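Descriptive analysis of the structure
Take a look at the letters that make up each chain.
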Amino acid sequence: MPTKEEIIIKPSDLVKKASTYLDASEILQLKETIKFSTNAHKKQKRLSGVDYITHPLAVAFLLTELKMDIQAIQASLLHDTLEDCGIKPNEIESLFGSEVTSLVESVTKITAIELTNMNEITPESETMKKMFLAMAEDVRVVIIKIADRLHNMQTLQFLSKKRQIEISKETMEVFAPLADRLGMWQYKWQLEDLAFSYLEPNIYNQIDSMIAASHPNHLGYIEKIVGVIEEELKSNKIDVEAQGRVKHIYSIYKKMQRYANEGKKISEIYDLFAIRIIVNSIQDCYLSLGVIHQAWRPIPGAFDDYIANSKDSLYQSIHTTVIGPDNKPLEVQIRTGDMHERAEIGVAAHWKYKDQNIDNIDPRFEKRLVWLRSILERQIESTDTDEFIESLKHDLFQDQVFVYTPNSDLKMLPSGSTPVDFAFSVHTDLGFYCKEAKVNGSPVSLKYPLQNGDIVEILRSNKKIGPPREWLNESAGFLGANSSKQKVKQWFRKLEKEHNINKGKEFLSRELSRLKINRRPKGFTNLMGFNNLNDLYAAIGYGDVSNKKIVQKIFENTNEFLSLNNAIRIKLTAIDRVGLLRDITTVISSSGVNMIEVSTDEHNDNKVSIFMTLETNSGKEFANLFYDLDVINDVITLERVSRT
Ligand code: MN
């Protein structure tokens, strides 16, 4: 559960904690750094009113809990000095060396980005990019940054509501996932719960009270269970340390959502509490499991062995849920001390092991850390950042490619992206009118798959010709990013709409003119159930509204549009052929419309015009008849004429 009172770390606390694993000369460096930073921040206060130095001290303290190396601890103590105190990098370098300096500079760079980006719509992606690049330099930068964020979240109550929301949002979207990727679960959970308490305070409090209600004295309850379990295991000669905790609120919330989707009741979430049993060996893990299952009835199906079947190689534990001492369900996790440390601090555990004999390291843990090691090694060995980014990419930001504009702006695109995708990412218009591309100064095909670090230049077409239809052909390979595919599709949909609007417009005006209706097309919009005229035109053009339907509507509203007393005189011109008149009279006699007058007018060129006066009370009958006459073979024109 998030703590919301400010815990002040004193220099002596930090030194004491660091002394548990750093050597005497490193402690000396640590003290020097504390002195320097305290002096640099001496005029500053935090918003809570305490001395500013409490913040770097708290961040450094968090890092000692991860057993980070001295350079990282020093950098965390100095992380705000460049920005806020006017300290110059060369000052830090002469006192603490280049490694510490570059760590401080990288952490500062990320901070600057965050601040300048606060007004943009999605600062997350930009921060994410910078994080990625920082990680490319040194993963410790990101670990420091995550600890910095954790302390800021722990003291967020002193900021304005607006900033609380902004920072919590970014924490949820950037920092918690990063902590997760780095295996730093202890951080991930704290970040999530803290951010959640600001983003959804009502739900947060609801869950909090739900826990309280299920066990009115839950802390006492947990304490009691821990005692019972320790006693039980010790009587079986297992050396054990048991810890109890309420489950993380955000993880309960996600479980609630999952249950809601599965149609289950929230009251069915029974494992609000978890007990952790930490023992000395894998053998003791299984022995403990046996003891627990003998003492309390296990719930069927609620057992997982992540020691034998490790889900993410870094995480190992046995999970079981039993009906506990008070007849309430209880989740129990069993693991060794080593497994526990890895589960809590993840990648940061690397620094703890780096000076030790490699044979002592669990091979599965090793596997997970391979990519991280390769970063560190390559950093020392070479400057081949491309290859390094490539390997990181797959682990951290699956399938992204990082390229630059000629002005050195960084663009992050899905891997497989082309110069056309790049153009769209710069500006939608540039995408539509992109004609040629250059990569690193040389012309490339528009289908060229962009590589990390490419500098991409787009040449714009002067002619107002949109994208070629070929771009939509998946196998042609012009577009790699889904977002640009969407844009090109929209372009053609829009183009098609314009075409269909014109088609619909022509059709309607032709209908109105041959029916001699002196009304503006706008009047038909509502009648046909459309909000605006273009939509009506488009619908007619697409064929969504049939020709027959239009004519029907016009005739249905005979009085309004045709303003006559049930009689319409029409003129049909057709190629004169045997059976024409018979076809016409057949259509008329089956229509229910009366023909009260008919005359013909033969032309010289083998055409004939037939004039008819028709009468009915039903507009629909008129419409059907009109339409049926229109489609008789060899009919050339059909129109309404005035009485002669
Ligand atoms: Mn800070």
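Our structure's up above, just so we're on the same page.
What counts, and at which threshold
Residues numbered from 1 in each chain as written. Predicted model: local features only at pLDDT ≥ 70, side-chain atom pairs only at ≥ 80, totals over all residues. Heavy atoms only, no water. Donors = N, O, S within 2.8 Å, 3.2 Å for Na, K, Ca; no water. Helix = DSSP H or I, 4+ residues; strand = E, 2+ residues; numbered from the N terminus. Buried < 20%, exposed > 50% of the residue type's maximum accessible area, 1.4 Å probe, protein only. Pairing = 2+ DSSP bridges. Axes fitted to C-alpha atoms, helices over the stretch in contact; angles between N-to-C directions. Phe/Tyr/Trp six-rings, centres within 6.5 Å; stacked < 30°, edge-to-face > 60°. Lys NZ or Arg CZ within 6 Å of the ring centre and 35° of its normal. Core = buried A, V, L, I, M, F, W, Y, C linked by side-chain atoms within 4.5 Å. Domains from an automatic or database assignment. Contact = heavy atoms within 4.5 Å. Parallel < 35°, antiparallel > 145°, perpendicular 65-115°, else oblique. Left-handed = near helix turned anticlockwise from the far one by under 90°. Nonpolar A, V, L, I, M, F, W, Y, C, P; charged D, E, K, R; others polar.

1. Let's talk about the coordination of the manganese ion
Summarising the metal site, the manganese ion is bound by the protein donors His55 (NE2), His79 (NE2), Asp80 (OD) and Asp148 (OD), whose distances to it range over 2.2 to 2.6 Å. Site description for the manganese ion: donor spacing in sequence, H-x23-H-D-x67-D. Of this pair, His55 sits in helix α3 (residues 54–65) while Asp148 sits in helix α9 (residues 139–154); the two residues are 93 residues apart in sequence, bridging distant segments of the chain. You'll find His55 and Asp148 in the same group, each marked buried.

2. Thoughts on unusual backbone geometry
Backbone geometry at Asn440 places phi at a positive 50 degrees, although glycine is not the residue there. By secondary structure assignment, the location of Asn440 is in the loop between β8 (434–439) and β9 (442–444). Assessed through its relative accessible area of 47%, Asn440 is described here as partly exposed. With phi around 70 degrees, Asn606 is a residue other than glycine that occupies positive phi space. On the basis of relative accessible area, Asn606 is assigned to the partly exposed category, the value being 47%.

3. Some remarks on the pairing of strand β12 (residues 594–602)
Note: β12 against strand β13 (residues 607–615), eight bridges, orientation antiparallel. Directly across from Thr600, in β13, lies its bridge partner Ile610. Between β12 and β13, which follow one another and run antiparallel, lie four residues, and Asn606 among them has a positive phi close to 70 degrees.

4. A short note on the sheet that holds strand β2 (residues 273–279)
Taken in spatial order, the five strands of this open sheet run β1-β2-β5-β4-β3, and their pairing is mixed. Two strands bound the open sheet, and with one partner strand each, they are β1 (240–246) and β3 (298–305). For this sheet, the mean inter-axis angle between neighbouring strands, taken without regard to orientation, is 20 degrees. When β1 meets β2, the two strands line up antiparallel, connected through seven bridges. Bridge pairing in β2 places Ala242 opposite Ile277.

5. A closer look at the pairing of strand β5 (residues 329–336)
A large share of β5 lies buried, amounting to eight of its eight residues. Judged by which residues are buried, β5 turns out to be covered on both faces: Pro329, Glu331, Gln333 and Arg335 on one side and Leu330, Val332, Ile334 and Thr336 on the other are all buried. Examined bridge by bridge, β2 and β5 share six bridges and lie parallel to one another. Residue pairing in the sheet places Arg276 in a bridge with Gln333 of β5. The sheet contact formed by strand β4 (residues 318–323) and β5 spans six bridges and is antiparallel. By the bridge assignment for β5, His319 is matched with Gln333. What sits between the antiparallel neighbours β4 and β5 is a turn of five residues, in which Asn327 has the positive phi angle 65 degrees.

6. Observations concerning the packing of aromatic side chains
For any pair of aromatic rings, the description consists of the separation of the ring centres together with the inter-plane angle of the planes. Counted according to the given criterion, the structure contains nine aromatic pairs. Pairing Tyr433 with Trp491 gives two aromatic rings, centres 6.2 Å apart and planes at 85 degrees, and the pair type is edge-to-face. Of this pair, Tyr433 sits in the loop between α21 (428–432) and β8 while Trp491 is found in helix α22 (residues 482–514), placing the two residues 58 residues apart along the sequence. A cation sits over an aromatic face here: Arg46 above Tyr52, 5.8 Å from the ring centre.

7. Examining the nonpolar core
In this structure, Leu30, Ile92, Ile146, Tyr187 and Ile277 are the most contacted members of the largest nonpolar core, which totals 94 residues. Considering every element that reaches this core, the biggest residue donor is α9, with nine residues. Looking at which domains feed residues into this core, each of domain 1 (11–199) and domain 2 (208–346) gives three or more. Apart from residues no more than four positions distant in its own chain, Ile277 is found in contact with Ile229, Leu233, Val240, Glu241, Ala242, Ser288, Ile292, Val332, Gln333, Ile334 and Arg335. The next biggest cluster of nonpolar side chains, apart from the first, holds 41 residues, and it includes Met528, Tyr537, Ile588 and Leu629.

8. Quick look at the packing of helix α2 (residues 24–40) against helix α6 (residues 89–96)
Interhelical geometry of α2 versus α6 gives an angle of 155 degrees and a closest axis separation of 11 Å. The angle between the axes of α2 and α6 places the two elements in the roughly antiparallel class. Crossing of α2 over α6 shows right-handed handedness. The segment α2 lies against α6, with Glu32, Thr33 and Phe36 engaging Glu91, Ile92, Leu95 and Phe96.

9. Considering the packing of α3 against α9
With their axes 9 Å apart at the nearest point, α3 and α9 run at an angle of 125 degrees to one another. Taken together, the axis directions place α3 and α9 in an arrangement best described as oblique. In this structure, the crossing between α3 and α9 has a hand that is right-handed. When α3 is examined against α9, the residues Thr54, His55, Ala58, Val59, Leu62 and Leu63 are found in contact with a partner set consisting of Ile143, Ile144, Ala147, Asp148, Leu150, His151 and Asn152. Of the residues in the contact of α3 with α9, the class split is eight nonpolar, four polar and one charged.

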